[in-house]
Amino acid sequence: MDYIKKDLGSYNLHMINTEKFKTITVKVVFHTPIIKEEITKRNVLADTLLQSSKKYSTKRDLIIAAEELYAADISNSNQRLGNYILTSFNFQVLMDKYTEEGNLDKALAFLSEILLNPDIEDKKFKKDKLEIAKNNALIAINSVKENATGYCLNQMAEVYDKTSPIAYQMVGYLEDLDMITESNLYDTYYKMINNDYVDIFVVGNFNKKEMLSLIKKHFKFKRIKKKKASYYLKEHKPRKKRLFAGEEIDNTQSKLGIACSLNKLTDYERNYPLVLANLILGGGVDSKLFKDVREKHSLCYTIRSFVNKLDSLLVITAGIDRNNYPKTVNLITRNLNDLKKGKFTDKDIAVAKEFYYTSIAEIEEDEYRIISEFLMEEILGLAPIVERLKKMSKVNKHEIVRVLKKVTMDTVFLLEGVKHEED
């Protein structure tokens, strides 16, 4: 892959050249510090923008236009990364080589139309389009418990620190949904376009000079913006005694979520030894938790751990039978404590490193994973992949143990399934 970043004043353009795909993939990302009361608005806004525009007055018109661009695909998402909310618009279109000359130009004009020329009159969105987006948001909010694992982790986060963005429900809130109007949604749009920090990522096989010209032609933002705060959340001071909490759910299976705080890590520890520590603990089928808790003792259906660097958090999640709850927590605790004492082998480290190398290699197989990789390099200030691979190869057991000692099991949350199989 060949990567180049261009500062175009009001936004950054990231061009990633690769011959692996027949498509050109574009991701436009709007960054702004997260405010809980704005989450629902951002969700509704992103959806409303995909309902119509000035040129395409209905959703049907948008769909037809996308089909005429040889089935171009557009979608949106909102995610929290540390202190920020990122509103993203994803767009994918076949290269001109497989369609016709000038199709990419038309496709970028289409994407620009949706983002920069919305269906607004008198500083208001159209009521009928807004109602569609609000109804979609309502369905999503009311369905939040259907993803039991996600709901468990959200409730765990609220118990862990209800004052932190960690606890925010990214699907939105009913009370905020009721407050959205055609006018205040326009205000949200205006702030996003004029105040948000913007990145545009492009992945595919293209001429960089031509792509730069096309992007500058179709994407014009008036103001120069800078990032307003650190992405990293303030570290959570570990409790002296673990907090246990729970909630019942009408489900046959229970979900376990454990929040482990990470404190006083260096950038090096966060990006290298911590990654391997997590892989050894619960990052895959060769991990201690998978082999011991799931396979040896058969206490869970699923179990894994993952790290959120921006939140200074390591999370362990498992699907269990509620009767196995005490045993599972005790065994997880024992495994973590054993690792802190250095009870793992050089082979464990080698397997974790190999898993890491494989994961890095797989990034190049998916356009959106490539974009996510370069986005996180920007946010975390990571070194390029080649340098990271060299540093990771040199991580030793002493460094992994040192970082594990900075991991504190803080909050244990059980989403207890109370429905019986015969119900």
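Residues numbered from 1 in each chain as written. Predicted model: local features only at pLDDT ≥ 70, side-chain atom pairs only at ≥ 80, totals over all residues. Heavy atoms only, no water.

## Regarding the nonpolar core
Looking at soluble globular proteins, one finds that nonpolar side chains tend to be buried together. Applied cut-off: We define a nonpolar core as any set of buried Ala, Val, Leu, Ile, Met, Phe, Trp, Tyr and Cys residues linked to one another through side-chain atoms lying within 4.5 Å. Relative accessible area decides the class of each residue, using a 1.4 Å probe on protein chains only: under 20% of the type maximum gives buried, over 50% gives exposed, and in between gives partly exposed. Helix and strand definitions follow DSSP, with helices as H or I runs of at least four residues and strands as E runs of at least two, each counted in order from the N terminus. The contact criterion used is simple: two residues touch if any of their non-hydrogen atoms lie within 4.5 Å.
Counting 63 residues, the largest nonpolar core has Leu 256, Ile 316, Ile 332 and Ile 400 as its most contacted members. In terms of residues, this core owes the most to one element, helix H10 (residues 273–282), which gives seven residues. Excluding residues within four positions of it along the chain, Ile 332 makes contact with Leu 256, Ile 258, Leu 289, Val 293, Ile 303, Ile 316 and Met 409.

## A word on the packing of H10 against helix H13 (residues 346–363)
Rules: Axis definition: a line fit to C-alpha positions, over the contact stretch in the case of helices; interaxial angles, taken between N-to-C directions, run 0 to 180 degrees. Note on angle classes: values under 35 degrees are labelled roughly parallel, values over 145 roughly antiparallel, values of 65 to 115 roughly perpendicular, and the remainder oblique. Side-chain classes are defined by residue name, with Ala, Val, Leu, Ile, Met, Phe, Trp, Tyr, Cys and Pro counting as nonpolar, Asp, Glu, Lys and Arg as charged, and the others, Gly among them, as polar.
The interhelical angle for the contact between H10 and H13, taken along N-to-C directions, is 110 degrees, at an axis separation of 9 Å. One way to sum up the angle between H10 and H13 is to call them roughly perpendicular. Contact residues: Val 275, Leu 276, Leu 279 and Ile 280 in H10; Asp 348, Ile 349, Ala 352, Lys 353, Phe 355 and Tyr 356 in H13. Considered class by class, the residues forming the contact of H10 with H13 number eight nonpolar, no polar and two charged.

## Quick look at the packing of aromatic side chains
In plain terms, the rule: Note on ring pairs: Phe, Tyr and Trp rings are taken, using the six-membered ring of Trp, and paired if centres are within 6.5 Å. Classes follow the plane angle, with under 30 degrees stacked, over 60 edge-to-face and the rest tilted.
Scanning the entire structure with this criterion turns up eleven aromatic pairs. When the centroid spacing of 6.2 Å and the interplanar angle of 85 degrees are considered together, the rings of Phe 30 and Phe 89 count as edge-to-face. Placement of the pair is Phe 30 in strand E3 (residues 23–33) and Phe 89 in strand E5 (residues 84–94), with a sequence separation of 59 residues. By relative accessible area, which is 0% here, Phe 30 ends up buried. Owing to a relative accessible area of 0%, Phe 89 belongs among the buried residues under this scheme. On the basis of an interplanar angle of 40 degrees and a centroid distance of 6.1 Å, the ring pair of Phe 91 and Phe 110 is categorised as tilted. Of this pair, Phe 91 sits in strand E5 while Phe 110 sits in helix H3 (residues 103–116), and the two are 19 residues apart along the sequence. Among the residues examined, Phe 91 registers a relative accessible area of 1% and is labelled buried. With a relative accessible area of 3%, Phe 110 lands in the buried category. Here a set of aromatic residues connected by ring pairs shows up, and it is made of Tyr 11, Phe 30, Phe 89 and Phe 221.

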